[in-house]
Amino acid sequence: MKCFFPVLSCLAVLGVVRAQRHVAVQEGPLYRTEGSHITIWCNVSGYQGPSEQNFQWSIYLPSAPEREVQIVSTVDSSFPYAIYTQRVRGGKIYVERVQGNSALLHITDLQARDAGEYECHTPNTDERYFGSYSAKMNLVVIPDTLQTTAMPQTLHKVEQDPLELTCEVATETFQHSHLSVAWLRQRGGEKPVEVISLSRDFVLHSSSEYAQRQSLGEVRLDKLGSATFRLTVFHLQPSDQGEFYCEAAEWIQDPDGSWYAMTRKRSEGTVVNVQPTDKEFTVRLETEKRLYTVGEPVEFRCILEAQNIPDRYFAVSWAFNSSLIASMGPNAVPVLNSEFAHREARGQLKVAKDSDSVFVLKIYHLRQEDSGKYNCRVTEREKTVTGEFIDKESKRPKNIPIIVLPIKSSISVEVASNASVILEGENLHFSCSIRTAGRPQGRFSVIWQLVDRQNRRSNIMWLDRDGTVQPGAAYWERSSFGGIQMEQVQPNSFSLGIFNSRKEDEGQYECHVTEWVRAVDGEWQVVGERRASTPISITALEMGFAVTAISRTPGVTYSDSFDLQCIIKPHYPARVPVSVTWRFQPVGTVEFHDLVTFTRDGGVQWGDRSSSFRTRTAIEKAESSNNVRLSISRASDTEAGKYQCVAELWRRNYNNTWTRLAERTSNLLEIRVLQPVTKLQVSKSKRTLTLVENRPIQLNCSVKSQTSPNSHFAVLWYVHKPSDADGKLILKTTHSSAFEFGTYAEDEGLRPRLQFERHVSGGLFSLTVQRAEVSDSGSYYCHVEEWLLSPNYAWYKLAEEVSGRTEVTVKQPDSRLKLSQAQGNLSVLETQQVQLECVVLNRTSTASQLVVEWFVWKPNHPERETVALLSREATFHYGEQAAKNNLKGRLHLESPSSGVYRLFIQNVAVQDSGTYSCRVEEWLPSPSGVWYKRAEDTAGQMAVTVMRPDAALQVDTVVPNATVSEKAAFQLDCSIVSRSSQDSRFAVAWYSLRTRAGGERDGLGLGEQEEEGDEEEEEDPTERMALLSVGPDAVFGPEGSPWEGRLRFQRLSPLLYRLTVLQASPRDTGNYSCRVEEWLPSPQKEWYRLTEEESAPIGIRVLDTSSTLQSIICSNDALFYFVFFYPFPIFGILVITILLVRFKSRNSSKNSDGKNGVPLLWIKEPHLNYSPTCLEPPVLSIHPGAID
């Protein structure tokens, strides 16, 4: 243990110890009643990531304790399951976030189905999972069985009557719970007042209003029996009037030890009316006078008027300016506060009770600070059975104010000034003289004050009784710069100086003198105050300040001169500076700019935009006034406009800064500089011009007359469209022969197609629009501006005029597109090629480009679908039909000659059937190089039908039988004689054909089975068993179980398949056949089965190795023919004979009985099995039952 803490500290420093996440939830189980509001807290600690964590609440219901039902989440609004979604959206279930790592789950209306195990989960925000991420607790929902009942009634009581009320409180909760009961009183809309309550711990408690009465036994709460609670109020008071009701709460203790009120109920109320008895009283306050002098006595009498005063208890309190002086209870013992208790101890004050109804406050030596409002308050008290007093009603009369005057003074004050009316900026001097009737009694303190026109008083400076001078707060800065000075010239004379006065210094100047004397105790005391004042009127500098601008020549022509006068009123002394600025607003502008300024210190300052005026402008300021004259020579249109002078009035402040007092602007002077009369005339003739696209448009503009031979012209060319309200600018040639293209030329791409020409004559201007387009149609006209050179060598526009209009119409060439309308039908086999031809017989222009689109109508499909499209740029595009039918890669386009387009569909399929046609769009280039569609046409239709090939599969049906010895191998060949297509693939399967069990064919040979097969077509007794199958994709199927491991497959040629059976056994004896399926590929490279064919049965006999006679016969040819070949005709004759006998017997008699009932002996057909090989000698067998 000694090493544990150091090691743990080191690990913590090195970061090895890392806190893990811990989720804690409120401990359960919690018991709550239906309909109540429950909260469950959940905290998370030891986490990483953001400080604000998210919480997700789920429940595990008792009916499915393993199934999680999601309730609410702070991060995902879609988290709740359907049964909780409506309550969550309605706010009946929500999560309150207390802190970033703490939250409360609220369920406002608890239901019985809410019982279960609740889980609080916090989504992971850590780098890795470490710790716990959820916690669970149980909630039990129990019925609310609490009942609180009381009889509603209305009671009328008289003051001091007793009151008894009862309330029944019961509960049927099975859990251990406590009850708390409280009686409350409510009056009108006021908040209920608790009268008395019994807590869950059986402790009685009352509110402050009833606490004293409850402690004295006046208010009681008793429990009668198990469920009855009685309230008793022994002496009702008028304040008890109201509605009384009881409220009960049922408490349960949670696992954490805290108590929780599961439910609360209140009973019906009892209205109690209390009529008070007559115990009114009045209070009156009296004194001899209201005005006193310092040192005089004063007596206040508080008189009580009531009935039975000796039998009642009253308390009295005295107040001065709403502050308590002293109080006296029913025992008539006064209690004073600290200040007045000190004065009472020195005999300067007394509080006493003269009689039962009179209470006295005496002050023997008044002070000046005793001035104020005095009052007394009388409170009636009630003595309880324990001897204690209870406050009841309290009253007080109106305040009595008194004034304590100081000792009178004999001084008088006079104020004088150097002037009563001055101009702003001049100095003010004041003197304050004090006169006394005798010798001065003490010292003087003087305060200079200013009362402005709004009757606001401010302290300028004051000198206290010790001779210290102090400026007022508003004058501190001016005083520090010497702007205000105060001094004591003589013992009884004081002066005030205000330098560089301001308008705000105007008002009533008052000298306030206070006389001080030293009292017996050594303290200075004010014995008198006097004041005197004088009015001062200050004329503001800006008063009457005005500026006027005049000119004798408002209209001039080029190169003339003109003068402008700026007259300033009134005439100011030299100490008052004025700055004057001439301002100018050129014609056609809205803003003024400064030309030149005479500054306040006499300097000249030119404006930023006055360069053109400096060489031709003279400015002069009069010596005897502030008037300024502006002279301008060689006038031109740049000097035309509005002139204005601006004057600014300045004042130097006490701190040597400048303040602009006022600014005045003169009237406007408009100077007009006239231009010569124009003689400009432009041709007004109108023209109409119609031409075909790509031809030039020739426009002319002719000037017939001009003002001067030196005139220059600016020509603006416009076009007006019917859809536009105004014409749009195409081209502008300035008077300096510069070109400017208009927005229309830029937007419509006219710039490279425009050509402007000015003829030698000088009065004719031409505009040519090359390669005209249809969009160039419109009304064209020119706008001519005549320009002359001004006296300041600047060009100005003298006049302008508009020409007549030229109506231009540009047309497109006529459409001549035509396609071949030939129609036809075409039937082809799958995988072949279809050719669709689209022939253009005629076109509008050889320079045009064609868009060729092939489309098809499918059977049972009303709308056409695009197969392929050849764009103008000769780009081949597949249509939607090509994607549907997998035409991509099977379409081929060629154009052997101009106007001939052939679309080949290679490797066609059945789904390619349909009606095909082509549509051609003809596009022509506009003069600007933009292609547009001029025409379109659709060719005739071609009906295409695609068929699959006929089946031609044939399998060899002549197959010899075979006999093999045991343990040898035999071969089953499957030969295909013909096929439907060279692309065919085959699926081959070999079968063993055996007669079903119980059939008569088990002992017949192959030949006899064939004969029997013709007679019994309705029922096939043959049972098929697959040996081996090979699919068209060369995938082998499973081998038959009898031959498993003994089969060998060979494909000797594309049309010959061989299956070899090894290790033959007698059980392999039987008939075999092969079945062939022919598969062909579709154009989509998908294989389908075309047909199937089965070969003839192949008879296989396997001999047992014990048959030696057979081997001997087969080894000798002579013996073989003797045994097998020569008996053959004999057996044939015998068979024919037997058949004839049977035929005759059937015809001669329908029954089998002979004469005399004796049955005839006749023979049925024998079963003959013959094989021409050495392995199967002919056998004649007669089975049991062959002879009846």
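The shown structure was predicted, so the numbers you read here are calculated from the model rather than taken from an experiment. (Residues numbered from 1 in each chain as written. Predicted model: local features only at pLDDT ≥ 70, side-chain atom pairs only at ≥ 80, totals over all residues. Heavy atoms only, no water.)

Student: Break down the overall build of the chain for me, with residues and values.
Tutor: Regarding its fold elements, the chain presents twelve helices and 86 strands. Per-residue burial for the chain yields a buried fraction of 39% across its 1188 residues. In the chain, the share of contacts with a sequence separation of at least 24, taken over all contacts with a separation of at least 6, comes to 60%. Of the roughly 65100 Å² that the chain leaves accessible, carbon and sulfur atoms contribute 50%. (Helix = DSSP H or I, 4+ residues; strand = E, 2+ residues; numbered from the N terminus. Buried < 20%, exposed > 50% of the residue type's maximum accessible area, 1.4 Å probe, protein only. Contact = heavy atoms within 4.5 Å. Areas by Shrake-Rupley, 256 points an atom, 1.4 Å probe, with all protein chains shown as cover.)

Student: Kindly report on the environment of Lys 350, identifying the contributing residues and their values.
Tutor: Note on placement: Lys 350 falls in strand 27 (residues 349-353). Expressed as a C-alpha distance, the spacing of Lys 350 and Ile 363, which sit 13 residues apart in the sequence, is 6.6 Å. If we skip the residues at most four places from it in the chain, Lys 350 touches Val 360, Leu 361, Lys 362 and Tyr 364.

Student: Please set out unusual backbone geometry residue by residue, giving values where relevant.
Tutor: That bond from Gly 28 to Pro 29 is cis: its omega, 0°, falls within 30 degrees of zero. Relative to the assigned elements, Pro 29 resides in the loop between strand 1 (22-25) and strand 2 (30-33). For Ala 332, which is not glycine, the phi torsion reads 65° and is therefore positive. Locating Ala 332 in the fold gives a position in the loop between strand 25 (323-328) and strand 26 (334-336). Accessibility expressed as a relative area gives 31% for Ala 332, which makes it partly exposed.

Student: Describe the nonpolar core, listing the residues and the values that go with them.
Tutor: One finds Phe 545, Phe 562, Leu 564, Val 578, Trp 582, Tyr 643 and Leu 649 to be the most contacted residues of the largest nonpolar core, which totals 36 residues. Elements supplying a minimum of two residues to this core: strand 42 (546-550), strand 44 (562-569), strand 45 (578-586), strand 46 (593-598), strand 49 (628-632), strand 50 (641-652), strand 52 (669-674) and strand 62 (795-802). Residues in contact with Phe 562, not counting those within four places in the same chain, are Thr 553, Val 556, Leu 630, Ser 631, Ile 632, Ala 635, Glu 639, Tyr 643 and Ile 671. One finds Leu 285, Phe 314, Val 378 and Val 404 within the second-largest nonpolar core, a separate group that totals 30 residues. (Core = buried A, V, L, I, M, F, W, Y, C linked by side-chain atoms within 4.5 Å.)

Student: Summarise the side chain of Arg 478; cite the residues concerned and give the values.
Tutor: Its place among the elements puts Arg 478 in helix 5 (residues 476-480). Residue classification places Arg 478 among the buried positions, given a relative accessible area of 3%. In terms of polar contacts, Arg 478 uses its side chain to reach the side chain of Asp 505, at 2.9 Å. Once residues lying within four places of it in the same chain are set aside, the contact partners of Arg 478 are Gly 483, Ile 484, Ile 498, Phe 499, Asn 500, Arg 502, Asp 505 and Tyr 654. (Polar contact = N/O pair within 3.5 Å; in protein donor to acceptor, adjacent residues only side chain to side chain.)

Student: If you had to explain helix 2 (residues 82-89) to someone new, which residues and values would you point to?
Tutor: Within the span of helix 2, buried status applies to Tyr 84, Thr 85, Arg 87 and Val 88. Residues of helix 2 that are buried in the fold lie against strand 4 (56-60), strand 5 (69-73), strand 6 (93-99) and strand 7 (102-107). With its phi angle positive at about 80°, Gly 91 sits one or two positions after the end of helix 2.

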